[in-house]
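# Notes for the structure review
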Amino acid sequence: EYFDRLPVHYGKSPRHRGVAQTLEEAAALAEKDVAEKKLKADRIGFSTGTTNKHFHKLAQVHAFMRSQVPSAPVIDFSEFTTAIDEDEREARKRYTREQGVALFKLPPWTGCAGTGARLKKGKVVIHDGLFYLLLLVWYTGARREELCKLMIEDVEHRHGIDYLLIRATDTGRVKNKSARRVNVIADELVRLGFLRYVDAMRAAGERLLFPELVPGGDTKRKLGDVFYKLWWVYIAPKVPNLEPGQAMHSARHMVSDELKDQEVFLEFRNDHLGHRGKGGEGETRYPSAASLQKLKSVVEKIPVVTGHLEEQRVITLLPTGLRKPRPMRRKGTGDDTVM
């Protein structure tokens, strides 16, 4: 009942994280927001997929409890989940090529007004997490956090091929064993200066590729959460025909679907995307020349949507003072780098 009365973004706002807040109070708050026109009515109620996900998590908690307390009663959580009838492709709402082209025509990639106005048109191109992260998402299909937490040493060159190591490091874990893998760097990323950026950051003495995404204070937020709140919430409304359910993760689905449409073997798709199933657990260290060539052929099938961008021969890093953990925002204040 409460799942039908809670906002679709429930749990993401600090207002929803108070341990003393009950679901009844949260639902009442959502009703008030709708009445005051702070929230649209169609943003109330979890989707079937989200509802199923919550019940699956509850089932995991319950299973652990029964392993510790065998006398606890059995609950069949499948009684609470609902099969999704809609086509899986529609449910995932992948990005179109047209949306990709439109995204990379925005100021962060074509020229902005400066470090304090990254979303305003100008003549300055700055190379940082904002510039490269979404390019990496598009041309690798990797998860947001996998890319945000990359370290300089996660970029390697072997057998004449450059690649990313997706693995657990000091900056964070990976989703599961299957997620440990190698992602070959697409030629288009090279053209757009990614390897030059890595070299420039290494020369600047940095350990992380995107140090400005490190959360400040003692927060438990991840680097991907910082990017989401710092940039994606402002960029998303500028992507044409963006539908509910389309998020940064939709680029991952785009890559998966494109590779499937081009008849790339499931084993190779799993190796590239870090999916469970055929293909094992992926390669995490010292990949062979044959495996890198195989993965490079997979990457080359991802559609290029940035042909309109100039080759990035000169790298302009963020000033040193901005390449540091994000300061905690105080309630009621904005961020003067988002304009």
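Starting from 1, residues in each chain are numbered consecutively following that chain's sequence as written. The predicted nature of this model means local features are confined to residues of pLDDT at least 70 and side-chain atom pairs, given and counted, to a pLDDT of 80 or more, with totals for whole chains, interfaces and linings taken over all residues. The basis for every side-chain value is the complete set of non-hydrogen atoms in the structure, without hydrogens or water.

## Looking at the overall build of the chain
Each helix is a run of DSSP H or I of at least 4 residues and each strand a run of E of at least 2, with the numbering of both proceeding from the N terminus. Looking only at helices and strands, the chain features 13 helices and three strands. We call two residues in contact whenever any of their non-hydrogen atoms come within 4.5 Å of each other. Sequence-distant contacts, at least 24 apart, represent 67% of the contacts inside the chain between residues at least 6 apart. The Shrake-Rupley method, run with a 1.4 Å probe sphere, supplies the accessible areas, and residue values consider only the shown protein chains as cover. Of the roughly 18700 Å² of accessible surface on the chain, 52% is carried by carbon and sulfur atoms.

## Focus on the pairing of strand 1 (residues 155-158)
Pairing of strand 1 with strand 2 (residues 161-166) involves four bridges; the strand directions are antiparallel. Residue pairing for strand 2: V155 is matched across the bridge by L164. The antiparallel hairpin formed by strand 1 and strand 2 contains two residues in its connecting segment, where H159 sits at a positive phi of about 55°. Pairs of strands are assigned from DSSP output, requiring at least two bridges between the strands.

## Here's the deal with helix 10 (residues 223-235)
To estimate how far a helix should extend, the number of its residues minus one is multiplied by 1.5 Å. In this model, helix 10 (13 residues) spans 17 Å end to end at C-alpha, consistent with the 18 Å of a helix rising 1.5 Å per residue. Residues L223, G224, V226, F227, L230, W231, W232 and I235 constitute the buried set of helix 10. The elements touched by buried residues of helix 10 are helix 4 (97-103), helix 5 (107-110), helix 6 (129-140) and helix 7 (144-148). Using a 1.4 Å probe on the protein chains alone, a residue whose accessible area is under 20% of its type maximum counts as buried, one over 50% counts as exposed, and one in between counts as partly exposed.

## Regarding the packing of helix 6 against helix 10
Contact pair helix 6 / helix 10: the axes reach a minimum separation of 12 Å and the direction vectors enclose 75°. The angle between helix 6 and helix 10 places the two elements in the roughly perpendicular class. The segment helix 6 lies against helix 10, with G129, L130, L133 and L134 engaging F227, W231, W232 and I235. Note that Gly is not counted as nonpolar here; it falls among the polar residues with everything else outside the nonpolar set of Ala, Val, Leu, Ile, Met, Phe, Trp, Tyr, Cys and Pro and the charged set of Asp, Glu, Lys and Arg. Split into classes, the residues belonging to the contact of helix 6 with helix 10 amount to seven nonpolar, one polar and no charged. Here the axes come from fitting lines to C-alpha atoms, over the contacting stretch only for helices, and the angles between their N-to-C directions go from 0 to 180 degrees. Orientation categories follow fixed angle ranges, with anything under 35 degrees roughly parallel, anything over 145 roughly antiparallel, 65 to 115 roughly perpendicular, and all other angles oblique.

## Some points on the pairing of strand 2
Taking burial as the measure, the six residues of strand 2 include five buried ones, the bulk of the element. Here four bridges tie strand 2 to strand 3 (residues 181-184), and the two strands are oriented antiparallel to one another. Bridge pairing links L165 to V182 in strand 3.

## Description of the sheet that holds strand 3
The strand order 1-2-3 describes an open sheet built from three strands, whose pairing is antiparallel. For this open sheet the edge positions go to strand 1 and strand 3, each flanked by a neighbour on one side alone. On average, each strand axis in the sheet is tilted by 40° relative to the strand beside it, whichever way the strands run. Sitting on the sheet, helix 9 (residues 194-203) touches strand 1 and strand 2, and the angle it makes with strand 1 is about 115°. Contacting strand 1, strand 2 and strand 3, helix 13 (residues 289-299) runs over the sheet at an angle of about 55° to strand 3.

## Things to note about unusual backbone geometry
In this structure, K37 is a non-glycine residue whose phi angle is positive, near 60°. You can see K37 is positioned in the loop between helix 1 (23-35) and helix 2 (48-68). For H159, which is not glycine, the phi dihedral falls at a positive 55°. Looking at the element boundaries, H159 is found in the loop between strand 1 and strand 2.

## Details of the pattern of salt bridges
Any carboxyl oxygen of Asp or Glu within 4 Å of a side-chain nitrogen of Lys or Arg constitutes a salt bridge here. Across all of its chains, the model carries 15 salt bridges by this definition. Its salt-bridge partner being R167, residue E153 comes within 3.7 Å of it at the nearest N-O pair. Highlighted residues: E153 in the loop between helix 7 and strand 1 and R167 in the loop between strand 2 and strand 3, separated in sequence by 14 residues. Each of R143, E146 and R181 takes part in salt bridges that share partners, so that together they form one network.

## Remarks on the confidence of the model for the chain
As a per-residue measure, pLDDT tells how confident the predictor is, with possible values from 0 to 100. Scored by pLDDT, the chain comes out at a mean of 81, with 76% of its residues at no less than 70. Within the chain, the lowest mean pLDDT, 47, falls on helix 3 (residues 88-92), and the highest, 97, falls on helix 9. In the model, residues 87-91 has pLDDT below 50 throughout and makes five contacts with residues more than four positions away in sequence or in other chains.

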